[in-house]
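# Fold and geometry: a report
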Amino acid sequence: MLSHFREDIACIFERDPAARTVWEVLTCYPGFHALRLHRIAHALWRWRLRWLARLVSHLGRFLTGIEIHPGATIGRRFFIDHGMGVVIGETAEIGDDCTLYHGVTLGGTSWNKGKRHPTLRNGVVIGAGAKVLGPIVIHEHAKVGSNAVVVKDVPPGATAVGIPARIIEAGAEQVREAHAGKLGFSAYAVSPRDDDPVAQAIRGLTDHGADLEKRLNEAAARIAGLERALAERTPPEPSSDEPRLRRVGEK
């Protein structure tokens, strides 16, 4: 219990640069408070003191704004950053070194008994506002982008973005680096690599439009230059009074 307590504090310093002192973490981090109360509630749940477990869980929700069902299984070095609005269902399973941001829901899609909530393997990061729904598996070191809605499994090292979520596959080398801990922490589940196909398509259309506009401006400038050159080379047309003046002179 004491080793888990120290690990939970240490992981906050690793993943939140705003953390300054242990006292600050102990007194001002609702994610840490919710996790400590869940450890107590989960132990009571396993001892079949279900009402008391739910009461402790309800107290944690009241104090922190984070709702974790006492039946949920949570591994070591789990970190909830900010935390307000996080909901974790009864049959959810969370591995070691996972991170959740505010507004995340690990919810169910069925009223049936049994496994109905997601499973998060080790090293998963879920971005702010994301919804992970159903008895699906988010595999090791996968990431879910902010506000994504995930209803299918996410492969190891991949990223899920959008509504409904699209899976962006990670290369084999990236997966190995993620397992080795070389990729580091990805805040808000945002990857430094710009590999979202929709974003790339939109950017391509924008760039194409900008290129067309540039070419049109260049063409308009050339046409204006040609018009000026033609105006300088062409002699002026005689006015309507010129023939009448000639006839007067001739007389």
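Above this text sits the structure in question.
### Describing the layout of surface pockets
- Here the second largest pocket is characterised by a volume of approximately 260 Å³.
- In terms of lining residues, the second largest pocket is bounded by 11 residues, among which His4, Arg39, His42, Arg46 and Ile74 are the most central.
- Of all the elements, helix 3 (residues 30-46) adds the most residues to the lining of the second largest pocket, at 5 residues.

### A short note on the pattern of salt bridges
- Within this structure, the stated rule accounts for 11 salt bridges.
- With a shortest N-O distance of 3.8 Å, Arg39 and Asp8 are connected by a salt bridge. One end of the pair, Arg39, is in helix 3; the other, Asp8, is in helix 1 (residues 2-15), and 31 residues separate them in sequence. Across the pair, exposure class does not vary: Arg39 and Asp8 are buried alike.
- Residues participating in the shared-partner salt-bridge network are Glu7, Arg15, Arg76, Arg77 and Asp97.

### A short note on the nonpolar core
- Counting 30 residues, the largest nonpolar core has Phe78, Ile88, Leu100, Leu120, Ile126, Ile138 and Val150 as its most contacted members.
- Discounting residues that sit within four places of it in the chain, Leu120 has contacts with Glu93, Ile94, Gly95, Cys98, Leu100, Leu106, Ile126 and Ile138.
- Formed by 8 residues, the second largest nonpolar core is a distinct cluster that contains Ile12, Ala19, Phe32 and Phe79.

### A short note on unusual backbone geometry
- In this structure, the amide linkage connecting Ile163 to the following residue, Pro164, adopts the cis form with an omega of -15°.
- Looking at where Pro164 falls in the secondary structure, it is placed in the loop between strand 14 (159-161) and strand 15 (166-168).
- If you check the backbone angles, His82 has positive phi at about 65° while not being a glycine.
- Relative to the assigned elements, His82 resides in the loop between strand 3 (79-80) and strand 4 (87-88).
- A positive phi angle, close to 60°, is found at Asp97, a residue other than glycine.
- Turning to its location among the elements, Asp97 is positioned in the loop between strand 5 (93-94) and strand 6 (99-100).

### Overview of the sheet that holds strand 6
- Pairing within the open sheet is mixed, and its 6 strands lie in the order 3-6-9-12-14-15. Because the sheet does not close on itself, it has two edges, and the strands there are strand 3 and strand 15.
- Here strand 3 pairs with strand 6 via 2 bridges, running parallel. By the bridge assignment for strand 6, Phe79 is matched with Thr99.

### A few points about the sheet that holds strand 1 (residues 67-68)
- Taken in spatial order, the 5 strands line up as 1-4-7-10-13 in an open sheet, and their pairing is parallel. With partners counted over all chains shown, the strands left at the sheet margins are strand 1 and strand 13 (149-150), one partner each.
- Across 2 bridges, strand 4 lies against strand 7 (residues 105-107) in parallel orientation. Bridge assignment links Ile88 to a residue of strand 7, and that residue is Leu106.

### Quick word on a nonpolar patch on the surface
- On the surface, a cluster of nonpolar side chains totalling about 590 Å² of accessible area is made up of Trp47, Leu49, Trp51, Leu52 and Leu55.
- By the element assignment, Trp51 lies in helix 4 (residues 50-64).
- When its relative accessible area of 65% is taken as the criterion, Trp51 is described as exposed.

Here is what the cut-offs are and how they apply
Residues numbered from 1 in each chain as written. Predicted model: local features only at pLDDT ≥ 70, side-chain atom pairs only at ≥ 80, totals over all residues. Heavy atoms only, no water. 1 Å grid on protein atoms, 1.4 Å probe; cavity = no way out; pocket = protein on both sides within 12 Å on 5 of 7 lines; lining within 4 Å. Points joined across faces, edges and corners; volume = space filled by probe spheres on them. Helix = DSSP H or I, 4+ residues; strand = E, 2+ residues; numbered from the N terminus. Salt bridge = Lys/Arg side-chain N within 4 Å of Asp/Glu carboxyl O. Buried < 20%, exposed > 50% of the residue type's maximum accessible area, 1.4 Å probe, protein only. Core = buried A, V, L, I, M, F, W, Y, C linked by side-chain atoms within 4.5 Å. Contact = heavy atoms within 4.5 Å. Pairing = 2+ DSSP bridges. Patch = residues over 30% accessible without salt bridge, like charges linked within 9 Å, V, L, I, M, F, W, Y side chains within 5 Å. Areas by Shrake-Rupley, 256 points an atom, 1.4 Å probe, with all protein chains shown as cover.

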